[in-house]
Amino acid sequence: MKREKMEVDLMIEKSVEYRRNIIKYIFNAKAGHTGGSLSVVDILNVLYNRIMNVSPENFDSNERDRFVQSKGHCVEALYVVLADQGFFPEEDLLTLCKFNSPYIGHPTKYIPGIEQNTGGLGHGLSICCGNAIAAKKDNSPAKVYTVLGDGEMAEGSNWEAFMLAAHYKLDNLCAILDYNKLQISGSNAEVMALEPLDKKLEAFGWAVKHVDGNDINALTETLESLPFEDGKPSFVIAHTTKGKGVSYMENNLKWHHGVPSEEQYKIAMDELNLAEIA
Amino acid sequence: MAEIMANEKVKLAVAKANLETFSETVQALAAQDRDVLVVTSDSRGSGKLVPFGQKFPEQIVEIGIAEQNLVGVAAGLASMGKKTFAVSPACFLTARSLEQIKNDVCYSDNAVNLVGISAGVSYGALGTTHHSLHDFAVLRAINNVTIIVPADNFETEEAIKAAAAMDSPVYLRFGKKNMPASICSPDDLTRNNFTVGKGRTVRDGEDLTFLATGEAVWPAYEAAEKLAIEQNIQAKVVSLHTIKPLDSELIKEIASNGSPIITVEEHSVYGGLGEAVASLLMQGGYHNKFKIVGLPDDHTVSGSQNEIFDYYGISEKGLAQTALDILN
């Protein structure tokens, strides 16, 4: 049942393929959260190809690992990775954001492979805490993962969940922050300062590690060392680049939900052909 | 005679709070099934769940005073197959955590049983922060939640059991005042039946109908008895314990004799049972005389639940007078 672990070299190739697909389907849909999908995709790559025990074959098993994408708006990255896992045919994504398509702009359970409907921010972690408590009660091997956005760290509900996860010693829970440091109105520092984040989370009772969230090798090493500490939930501060992999999108707020023009699309595809992401 | 009647009523009324019935029923369910979990927001005392916590320490999950997290965690537990009762005062549960109810429970279809305790004006003297007069309105407008508001201990027990067996979200709502074991005679088997989505006729009558819900059913029943004794007016009383889905079949059948209809609820007159029934009747082409009794859109007075009910006419006397007014 445990799925095979993908080698790092292959995951690095996958990252280019995933980025190309993210751009392709957003360009086709004329909608999507481009910058954040490009920053988070390496995290999803390593989770689904290397770390988590979840696949179309075991999705009915209550012992599968759970993933909830709390930053639901970057669903394009999730769709692309799930399609590659075989949860649904990739060409379904040509309907992305089209009228009455199930492939809407946020994750829903109507799509095979997706656990929870997210989109409102500050929701994923609480649900994961419930998953993790239930897994502990059942002595289940299921591990629980969530990806949070840096902007949604300002949601009070997250901090309620941070308290609870430590209180219940949920070391079967891992939260990963896609820390690209930009949110829709500006930098996190301008909008609502987060730092010193590691100290805050440690004070809340979490075991915290920093990692380059666009480095497949580093992500693999970090996520393979879970749990960071027995009896504590694990938090990964994954430092990422918004728009990673496309030069004109990187660290440019305009690409939060920017859609490339035809010309920009060609440039992006050329760059991603040549890119050495890792 | 009046004094004897009053004593009889006291006997009926001194059963126990629906909240007590909830606590007993959920304990019985937990004893049979270790997947039954109660989730609380520092509310085990107000939820009468201290005995539950003592008997089933592995089946109670304390969240602390964090209602958003309460509902989110409950959704996560339910999605793992746990039969989850998330218990918190209705005022907080359905306001503070409304987005979690909408997204994590209803939209994500996680079969949480949301239990709003000390609902309506149960905490009457504590003021508007502690009143829940909006919960029917907000939850009616959210897809995929059954809203059940039991009137008496009988309905409460049946509702809890039914909710535990359902694989979709449910909102249950009750107060902390003692209510009758059953508003009708306990051996009246035709009246003591409970089906989610079906109204329960607790008294027959052809002159008018009280369509009531929750703890407003009892004063409606008392008013009907008073009208019968004092005025020879026979009022039907229906407990519409399920606010959503509404028993449209029964309501239309009642409306079809043309007699007046009075709705009674411990909720704002906006967005609750009354407006749900009004919408149904108007769109169905019924033109019965019609009155919504509830709490007006006003700064709510404070006091005991009984005092507030009296003030707004959700009482034996007030409802009997409303009936006389509508008949004249």
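If you're wondering where the values come from, they're calculated on a predicted model, not measured in any experiment.

Right, let's talk about the sheet that holds strand β14 (residues 290-295) of chain B for a bit. Residues and elements named next belong to chain B. In space, the five strands of this open sheet follow the order β9-β11-β10-β13-β14, with mixed pairing throughout. The open sheet terminates on both sides in strands that have one partner only, identified here as β9 (200-203) and β14. Here the average twist between neighbouring strands, direction ignored, is 25 degrees. In this sheet, β14 lies alongside strand β13 (residues 261-268) in parallel orientation, the contact comprising five bridges. Across the sheet, residue V264 finds its bridge partner in β14, namely V293.

In this section: the interface of chain A and chain B. For an interface, size is often stated in terms of accessible area lost upon the parts coming together. The partner chain B presents 26 residues to the 27 residues of chain A that form the contact. Together chain A and chain B conceal approximately 2,200 Å² of surface at their shared face, both sides included; 47% is due to carbon and sulfur atoms. It is A:H123, A:K137 and A:E160 that lose the most area in chain A upon contact with chain B, and together they represent 27% of the buried surface on that side. The tally of links between chain A and chain B comes to one salt bridge. A salt bridge links A:D138 to B:K82; its shortest N-O distance comes to 2.5 Å. At the boundary of chain A and chain B, one finds 17 residue pairs in polar contact (both at pLDDT 80 or more).

Once that is clear, we can look at the UniProt feature "domain: Transketolase N-terminal" (unreviewed entry) in chain A. UniProt records the feature "domain: Transketolase N-terminal" (unreviewed entry) at residues 24-262 of chain A, using the numbering of this structure. Helix makes up 34% of residues 24-262 of chain A and strand makes up 14%, while its end C-alpha atoms are separated by 11 Å.

A few words now on the pairing of strand β1 (residues 66-69) of chain A. All names here are of chain A. Burial along β1 is two-sided: R66 and V68 facing one way and F67 and Q69 facing the other are all buried. Bridge analysis of β1 against strand β2 (residues 144-149) gives four bridges, and the strand direction is parallel. Paired with V68 across the two strands is T146, which belongs to β2.

What follows deals with the sheet that holds strand β3 (residues 60-62) of chain B. Residue and element names in this part refer to chain B. Strands sit in the order β3-β2-β4-β5-β7-β6-β12 across an open sheet of seven strands; the sheet is mixed. Whereas interior strands pair on both sides, the edge strands pair on one side only; in this sheet they are β3 and β12 (242-244). Averaged over neighbouring strand pairs, the angle between their axes works out to 20 degrees when direction is ignored. Set on the sheet, helix α4 (residues 67-79) makes contact with β2 (36-40), β3, β4 (83-89) and β5 (113-117); between it and β4 the angle comes to about 170 degrees.

What follows covers the side chain of B:E266. Residue and element names in this part refer to chain B. Along the chain, the position of E266 falls in strand β13. No salt bridge is formed by the buried E266, whose closest oppositely charged neighbour, R173, lies at an N-O distance of 4.1 Å. Within the structure, E266 has its side chain in polar contact with the backbone nitrogen of V121 (distance 2.8 Å). The residues contacting E266, other than those within four sequence positions of it, are A119, G120, V121, S122, S132, L133, R173, E215, A216, L295, Q305 and F309.

Quick notes on the rules
Note on numbering: residues in each chain are counted from 1, in written sequence order. Both sets of labels track the order of writing: A upward for chains, 1 upward for ligands. Confidence filtering applies because this is a predicted model: local features only for residues at pLDDT of at least 70, side-chain atom pairs given and counted only at 80 or more, and all residues used for totals across whole chains, interfaces and linings. The basis for every side-chain value is the complete set of heavy atoms in the structure, and neither hydrogens nor water enter the calculation. Any two strands with at least two DSSP bridges between them are considered paired. A run of H or I in DSSP counts as a helix once it spans at least four residues, and a run of E counts as a strand once it spans at least two, with each numbered from the N terminus. Between the N-to-C directions of two axes lies an angle of 0 to 180 degrees, each axis being a line fitted to C-alpha atoms and, for a helix, fitted only over the stretch in contact. Here, two residues are considered to be in contact whenever any of their heavy atoms come within 4.5 Å of each other. Note on terms: buried area is the combined drop in 1.4 Å-probe accessible area of two parts once they are placed together, counting the loss on both. Any Lys or Arg side-chain nitrogen located within 4 Å of an Asp or Glu carboxyl oxygen qualifies as a salt bridge. What qualifies as a polar contact is a pair of N or O atoms within 3.5 Å, subject to a donor-acceptor requirement within protein and to the restriction that residues adjacent in sequence count only when both atoms come from side chains. UniProt positions are given in the numbering used here, feature names are shortened, and annotations may be inferred rather than shown by experiment. Think of it in three bands: with a 1.4 Å probe and only protein chains considered, a residue is buried below 20% of the maximum accessible area for its type, exposed above 50%, and partly exposed in between. Think of it this way: Lys and Arg go in the positive column, Asp and Glu in the negative one, and His and the chain ends go nowhere.

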